[in-house]
Amino acid sequence: MIEIVPENPAQHAEAIEALFDATFGPGHFAKTAERLRENSVSLPQINRVALEAGKVVGVCRVWPLVVGPSRSPALFYGPVAVDPAYRGNFLSLKITQAALEAGKAAGWPAAILIGAHSLFGKAGFTVVPKGRLTFPGPQDPSRIMVMDLAGDASQLEGLVTAP
Ligand SMILES: CC(C)(COP(=O)(O)OP(=O)(O)OC[C@H]1O[C@@H](n2cnc3c(N)ncnc32)[C@H](O)[C@@H]1OP(=O)(O)O)[C@@H](O)C(=O)NCCC(=O)NCCS
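Predicted model only: the values in this text are computed from it and were never measured.

## With respect to the overall build of the chain
Then, in step 1: A tally of regular secondary structure across the chain gives 4 helices and 9 strands.
Then, in step 2: The secondary structure elements of the chain, listed N-terminal to C-terminal, are β-α-α-β-β-β-α-β-α-β-β-β-β.
Then, in step 3: Over its C-alpha trace the chain gives a radius of gyration of 15 Å, about what one expects of a compact globule, namely 15 Å for 163 residues.
Then, in step 4: Taken along its principal axes, the extent of the C-alpha atoms in the chain is 45 × 35 × 30 Å.

Structure below.
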């Protein structure tokens, strides 16, 4: 049986890093999204991990960011990863949805995610109009998505940066 729980860094962080290394490979840290994450600090109480018998088999981490000149707060969702042996049941969506509910319950206004709309659209993310959100590095606009949490994600506009 798989349970989805908040991240407990002392118990899960090492296994999460190992899962990222295994799923994304060494090129991962070159991505624009990583530039944002390295200047932010993820929120273990909102991050969600999937456990089977205590073993980490999936994860969604979230990171506070600010958007535009008004520095509107938003939560950046990702990386999302599932152990290859546990793929095929939309576990990534269940983990992401749990982290979205936690972000909303904590009062965060909006979520941002860079990924495949064919997958994360099923969690409620929509692709932003081209040019509305920009990043400190190249980013395929068809992969930039937002979603309302406790506020209105359509208000987000401008450069996305670390707080
Ligand atoms: C992406 C990932 C988390 C999905 O795992 P999962 O929840 O078990 O997904 P499933 O295998 O059940 O697939 C669910 C659907 O998503 C699709 N999908 C899976 N990975 C995808 C990807 N990287 N891009 C687009 N679609 C994807 C599948 O084709 C399937 O769609 P279908 O039912 O129409 O065929 C997993 O493949 C993974 O860890 N990949 C490596 C890391 C990664 O690419 N993360 C996403 C970016 S943050």
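## A word on the site of the ligand
Then, in step 1: Every one of the 18 residues lining the ligand counts as a neighbour, but Ala81, Val82, Arg87, Ser92 and Ala116 are closest to it.
Then, in step 2: When residues of the shell around the ligand are traced back to their parent elements, those giving at least two are helix H1 (9–24), strand E4 (72–82), helix H3 (91–105) and helix H4 (117–120).
Then, in step 3: No other element matches E4, which puts 5 residues into the shell around the ligand.
Then, in step 4: A class-by-class count of the residues in the shell around the ligand yields 10 nonpolar, 7 polar and 1 charged.

## Notes on H1
Then, in step 1: Taken together, the buried positions of H1 are occupied by His12, Ile16 and Leu19. Seen from one end, H1 has its buried residues packed into an arc of 65°, which puts them on one side. Away from the buried face of H1 by more than 90 degrees, exposed residues Ala10, Glu14, Glu17, Ala18, Asp21 and Ala22 are located.
Then, in step 2: Looking at the buried side of H1, the elements it contacts are strand E2 (48–52), strand E3 (55–67) and E4.
Then, in step 3: In the stretch just after H1, Gly25 is the one whose phi turns positive, near 75°.

## Quick notes on unusual backbone geometry
Then, in step 1: Cis peptide bonds are those with omega within 30 degrees of zero, and the linkage from Gly78 to Pro79 qualifies with -5°.
Then, in step 2: As for its placement among the helices and strands, Pro79 is situated in strand E4.
Then, in step 3: The phi angle at Ala53 is positive, at roughly 50°, despite the residue not being glycine.
Then, in step 4: Tracing the chain through its elements places Ala53 in the loop between E2 and E3.
Then, in step 5: A positive phi angle, close to 60°, is found at Phe90, a residue other than glycine.

## Focus: the nonpolar core
Then, in step 1: Judged by nonpolar contacts, the single largest core of 44 residues is most densely connected at Ala111 and Ile112.
Then, in step 2: Looking at this core, the elements with two or more residues in it are H1, helix H2 (32–38), E2, E3, E4, H3, strand E5 (110–114) and strand E8 (144–148).
Then, in step 3: Element by element, the count of residues in this core is highest for E3, at 8 residues.
Then, in step 4: Discounting residues that sit within four places of it in the chain, Ala111 has contacts with Ala74, Leu75, Tyr77, Leu100, Gly103, Val146, Met147, Leu149 and Ala153.

## Overview of H3
Then, in step 1: Counted at 1.5 Å a residue, the expected span for H3 with its 15 residues is 21 Å, and the 21 Å between its end C-alpha atoms agrees.
Then, in step 2: Gly107 lies just past H3 and shows a positive phi near 90°.

## With respect to the pairing of E2
Then, in step 1: Note that strand E1 (residues 2–6) and E2 share 5 bridges and pair antiparallel. Directly across from Pro6, in E2, lies its bridge partner Arg48.
Then, in step 2: Inspection of the sheet shows E2 paired to E3 by 5 bridges, in the antiparallel sense. The residue of E3 that forms the bridge with Leu51 is Val56.
Then, in step 3: Turn length for the E2-E3 hairpin, with the two strands adjacent in sequence and antiparallel, is 2 residues, and the turn residue Ala53 shows positive phi of about 50°.

The rules behind these values
Residues numbered from 1 in each chain as written. Predicted model: local features only at pLDDT ≥ 70, side-chain atom pairs only at ≥ 80, totals over all residues. Helix = DSSP H or I, 4+ residues; strand = E, 2+ residues; numbered from the N terminus. Rg over C-alpha atoms; globule rule 2.2 N^0.38 Å. Near = placed C-beta within 6 Å. Nonpolar A, V, L, I, M, F, W, Y, C, P; charged D, E, K, R; others polar. Buried ≥ 20, exposed ≤ 12 C-beta atoms within 10 Å, placed from the backbone. Arc of directions from axis to C-beta. Contact = placed C-beta atoms within 7 Å. Core = buried A, V, L, I, M, F, W, Y, C linked by C-beta atoms within 7 Å. Expected span 1.5 Å × (residues − 1). Pairing = 2+ DSSP bridges.

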